[in-house]
Amino acid sequence: MALLRWSDQDELFRPFVEMEREMDRLRREMDRLFSGFRGIRPLRVGVFPPLNVSDDKDNLYVRAELPGIEPSDLDISVEGNTLMLRGERKGSEAASNVSYHRREREFGRFRRSLTLPTRIDVNKVEAVFQNGILKIILPKAEEVRPKQITVKTA
């Protein structure tokens, strides 16, 4: 095993020491940058409203969780092969004069668009709202539904 003098070791590890200093500098810079955002609401992480989409041979089904929303505050439309769901969740009156310790429920306007996986018959679309759950029934277009073909004997 070769013996190295301290000054030789210093040269060997210099790139790592410089890299560590640079990482510390970047961390301090990021801390400084983000410290200016204190008090500003963070970006929403989740997507509202959450949707489940399923289908059977005749229909597509879209279920959306919309607690605290009135059906009159919803706007549902189909534009081409896109389902548009728009609405507004209104805040409570008491929310303006209280001090929150934690606030996770969002209020305000929302908009969700969903590209439909198949063509639908827009004239037969139905929507039912019950207990905070919106269920949209989208009948598949006749030409995309599976058809049973009978085999004839000759």
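To start, this report covers the structure provided alongside it. The residue count restarts for each chain, going from 1 along the sequence in the order it is written. Only residues with pLDDT of at least 70 are given local features in this predicted model, and only at 80 or more are side-chain atom pairs given and counted; all residues enter the totals for whole chains, interfaces and linings. As a convention, hydrogens and water are excluded, and side-chain values are obtained from all of the structure's heavy atoms.

With respect to the helices and strands, the residue Leu114 is situated in strand β5 (residues 108-115). Look past the residues within four positions of Leu114 in its chain and what remains in contact with it is Val53, Val62, Asn81, Thr82 and Leu83. Numbering goes from the N terminus for both helices and strands, where a helix is a DSSP run of H or I of at least four residues and a strand is a run of E of at least two. In what follows, a contact means two residues having at least one pair of non-hydrogen atoms within 4.5 Å.

A few words now on the packing of aromatic side chains. Each aromatic pair joins two rings of Phe, Tyr and Trp (for Trp, the six-membered one) with centres within 6.5 Å, and gets the label stacked for planes under 30 degrees apart, edge-to-face for over 60, and tilted for any other angle. Counted under the stated rule, the structure contains one aromatic pair. Where Phe48 meets Phe110, the ring centres are 5.2 Å apart and the plane angle is 85°; that geometry is what we call edge-to-face. Taken together, the positions of Phe48 in the loop between α1 (6-35) and β1 (51-55) and Phe110 in strand β5 put the pair 62 residues apart, joining distant regions of the chain.

What follows deals with the sheet that holds strand β2 (residues 59-65). Strand pairing follows a simple DSSP-based rule, namely that at least 2 bridges must link the two strands. Taken together, four strands build an open sheet; the order of strands is β1-β2-β7-β6 and the sheet is antiparallel. Single-partner strands in this sheet number two, and they are β1 and β6 (126-130). Adjacent strand axes in the sheet meet at a mean angle of 15° when their direction is disregarded. As paired elements, β1 and β2 share five bridges and run antiparallel to each other. Paired with Leu51 across the bridge in β2 is Ala64. Fitting a line to C-alpha atoms yields each axis, with helices limited to the stretch in contact; the angle taken between N-to-C directions then spans 0 to 180 degrees.

This part takes up a nonpolar patch on the surface. By definition, no residue in a patch forms a salt bridge, and every one has over 30% relative accessible area; like charges are joined within 9 Å, nonpolar side chains (Val, Leu, Ile, Met, Phe, Trp, Tyr) within 5 Å. Areas reported as accessible are Shrake-Rupley estimates using a 1.4 Å probe. Residue values count occlusion only from the protein chains shown. We define a salt bridge as a side-chain nitrogen of Lys or Arg found within 4 Å of a carboxyl oxygen belonging to Asp or Glu. Together, Leu12, Phe13, Phe16, Val17, Met19, Met23 and Leu26 line one region of the surface with nonpolar side chains, adding up to about 700 Å² of accessible area. Its place among the elements puts Met19 in helix α1.

That's the geometry; what it means functionally is another story.
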